[in-house]
Amino acid sequence: EDGIRDIGVTGVQTCALPIYVSEMTTTIKQLKDFEGQEVTLNGWVYNIRSIGKIWFLILRDGTGLVQCVVVKAETDEAIFNLESELTQESSVTVTGMVRAEPRSVGGFELGVTNIEVHQIAEEYPISHKEHGTDFLMNNRHLWLRSKNQNAILRVRHQVIKATRDFFDDNGFTLMDSPILTGNSVEGTSTLFELEYFDRSAYLTQSGQLYGEASAMAFGNIYVFGPTFRAEKSKTRRHLTEFWMVEPEMAYCDLDENMTWAEKYVSYVVQWCLEHCKEELKILERDTSGLEKVVPPFPRITYDEAAKILQEKGTDFTYGSDFGGTDETIISEQFDRPVMIHRWPAEIKAFYMKRDVNNDNLALGVDMIAPEGYGEIIGGGQREDDHDLLLGRIKEHKLPVEPLQWYLDLRKYGSVPHSGFGLGIERTVGWITGVKHIRETIPYPRTMYRID
């Protein structure tokens, strides 16, 4: 009815490509295909425990964990005696028979016939005991090996895969926008400035402006890459470097833009529920709320959202942006993400189109995730009139010359167009249930951390 092809998780058509498996080795994730056969696994020692003439090596290989059973009567003495030599994170190659074991992680275990040792690791800094956040972040390069961190970043991988699949399968063209730019997008106060030969340049805050130019050439496009905000924020929701996907659609108004947003977010969530069951189980994520993330999402105006806050007795001031607490209170009124549209124009960017019925309102939209995870999408309809856009640039005291190319888009075949940006890290945080955004990206950059 809305003209958008709804691709269900089970309805995606893919080309069946062969999975490469070495003649000598396989992976833990693939063990289900080798029950009753002898296989070889490359990996690292995750843990060891013993019960007399049997000891258990818990092996990790990056795809999962498996219990390897070493029985004295089934291996030679040198292999059996490795129990006292191996340390956590020692690198090994293990050969053995795959057998079903419902009590083991993944439902299978390995009956060991041989272990080849590549290196005995030194005492591992990150053991199974508790550590403080600063210690763990200083050892992020090692912390990634832990079960929970591994699970979080595997979900991130699936969020990104689902993102690309959704837009690729719905006729969008990927357009890479530059990371180095000569002008700001969101505002000069959050720019990282650097020297660029004989002039200044900035790390991009968003690929949107270039995305708009691309949409005028290709119709529906998406930009996907890292973005940078010099925000002096220490909250659990902010990073200075994060990844954002930004679709932009020609001949698209605000309502259709919101439809794209809800279908996309629903697709990603349902994909992760289907393909990240083991990871979400490891993270002990209650998925009952995620299962409700299906269209349609509630759509309320800024005024309606402000009324909710007023009725809840908050000290929110009408005309201001919503803070983290405000977003949480609003989201608690709904069982799935809520979209807030038609905002006071003075708090939105210069490129936002105004409501034809009220010039004080901008046709912007924010999507707020449930459970206190805040804004995951910001977007709206863009101003497509040259003279109005030029006036807004001047009102915001922005230099016209660096944006002349952007104004050109309104001189040569201007059309109504819209788009939005979704932050990958906040979305991963919401899906996984992680409380701090720093765990949703391999190597986080924050106000106080660049190493």
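Above this text you will find the structure in question.
Residues numbered from 1 in each chain as written. Predicted model: local features only at pLDDT ≥ 70, side-chain atom pairs only at ≥ 80, totals over all residues. Heavy atoms only, no water.

Draft legend 1. Structural context of the overall build of the protein chain. Looking only at helices and strands, the protein chain features 12 helices and 17 strands. Viewed in the frame of its principal axes, the protein chain has a C-alpha envelope of about 85 × 50 × 50 Å. By the burial criterion, 52% of the 451 residues in the protein chain qualify as buried. Within the protein chain, contacts between residues separated by at least 24 positions form 66% of all contacts whose residues are at least 6 apart in sequence. Considering the protein chain, the positive charge centre built from 47 side chains and the negative charge centre built from 69 side chains are found 3 Å apart. (Helix = DSSP H or I, 4+ residues; strand = E, 2+ residues; numbered from the N terminus. Buried < 20%, exposed > 50% of the residue type's maximum accessible area, 1.4 Å probe, protein only. Contact = heavy atoms within 4.5 Å. Lys, Arg positive; Asp, Glu negative; His and termini not counted. Charge placed at Lys NZ, Arg CZ, Asp CG, Glu CD.)

Draft legend 2. Region of interest: empty space enclosed by the protein. Summed over all chains, the structure comprises 2 cavities of 30 Å³ or more. Within this model, the largest cavity holds a volume of roughly 80 Å³. In this structure, the largest cavity is lined by Arg236, Arg237, Tyr373, Glu425, Arg426, Gly429, Trp430, Val434, Lys435, His436, Ile437 and Thr440. Taken as a whole, the second largest cavity holds about 30 Å³ of empty space. Taken together, Ala345, Lys348, Ala349, Phe350, Met352, Arg354, Ala362, Arg392 and His396 form the lining of the second largest cavity. (1 Å grid on protein atoms, 1.4 Å probe; cavity = no way out; pocket = protein on both sides within 12 Å on 5 of 7 lines; lining within 4 Å. Points joined across faces, edges and corners; volume = space filled by probe spheres on them.)

Draft legend 3. Region of interest: the sheet that holds strand β9 (residues 199–203). Taken in spatial order, the 3 strands make up an open sheet running β7-β9-β8, and their pairing is antiparallel. On the outer flanks of this sheet lie β7 (180–181) and β8 (193–196), each paired with one strand and no other. Two strands pair when backbone bridges link them, and β8 and β9 are joined in this way by 4 bridges, in the antiparallel orientation. Paired with Leu194 across the two strands is Ala201, which belongs to β9. (Pairing = 2+ DSSP bridges.)

Draft legend 4. Region of the structure containing the sheet that holds strand β5 (residues 108–119). Read once around its circumference, the closed barrel built from 5 strands follows the order β1-β2-β3-β5-β4, with strand pairing classed as mixed. The mean angle between the axes of side-by-side strands here comes to 55°, regardless of whether they run parallel or antiparallel. For strand β2 (residues 54–60) and strand β3 (residues 65–71), the ladder comprises 7 bridges, and the chain directions are antiparallel. Within β3, the position partnered with Ile58 by the bridge is Gln67. (Axes fitted to C-alpha atoms, helices over the stretch in contact; angles between N-to-C directions.)

Draft legend 5. Spatial organisation of the pattern of salt bridges. Inspection of the entire model under this criterion finds 19 salt bridges. Note that Glu89 and Arg145 form a salt bridge whose closest N and O atoms lie 3.0 Å from each other. With Glu89 in the loop between α1 (77–80) and β4 (91–100) and Arg145 in the loop between α3 (140–143) and α4 (147–169), this residue pair connects regions lying 56 residues apart in the sequence. A relative accessible area of 6% means that Glu89 is categorised as buried. Residue classification places Arg145 among the partly exposed residues on the basis of a relative accessible area of 29%. Salt-bridge contacts for Arg382 lead to Glu248; the nearest nitrogen and oxygen are separated by 2.9 Å. Within this pair, whereas Arg382 is found in the loop between β16 (374–381) and α10 (386–395), its partner Glu248 is found in strand β11 (residues 241–250), the two being separated by 134 residues in sequence. A relative accessible area of 2% places Glu248 in the buried class. Residues participating in the shared-partner salt-bridge network are Lys353, Glu383, Asp384 and Arg392. (Salt bridge = Lys/Arg side-chain N within 4 Å of Asp/Glu carboxyl O.)

Draft legend 6. Spotlight on helix α5 (residues 208–218). Along α5, the positions that sit buried rather than exposed are Gln208, Leu209, Gly211, Glu212, Ser214 and Ala215. Those residues of α5 hidden inside the fold are in contact with β10 (220–228), β11, α11 (404–408) and β17 (417–423).

Draft legend 7. Molecular detail of the packing of aromatic side chains. Considering all chains together, one arrives at 22 aromatic pairs under this definition. When the ring of Tyr302 is compared with that of Trp343, the centres are 5.2 Å apart and the planes differ by 50°; the resulting orientation is tilted. Of the two residues, Tyr302 sits in helix α8 (residues 302–311) while Trp343 sits in strand β13 (residues 338–344), which places them 41 residues apart along the sequence. Taken as a pair, Tyr302 and Trp343 share a single burial class, namely buried. (Phe/Tyr/Trp six-rings, centres within 6.5 Å; stacked < 30°, edge-to-face > 60°.)

Draft legend 8. Geometry of the pairing of strand β15 (residues 358–369). Of all 12 residues in β15, 9 are buried; the element is thus mostly enclosed. Note: β13 against β15, 6 bridges, orientation antiparallel. If you follow Pro344 over to β15, its bridge partner there is Leu361. Where strand β14 (residues 354–355) meets β15, 2 bridges bridge the pair, whose relative direction is antiparallel. When the bridges of β15 are listed, Arg354 appears paired with Ala362. Connecting β14 to the antiparallel partner β15 that follows it, the hairpin turn spans 2 residues. When β15 meets β16, the two strands line up antiparallel, connected through 6 bridges. Directly across from Asp366, in β16, lies its bridge partner Gly378. Between the antiparallel neighbours β15 and β16 lie 4 residues, among them Glu371 with a positive phi of about 65°.

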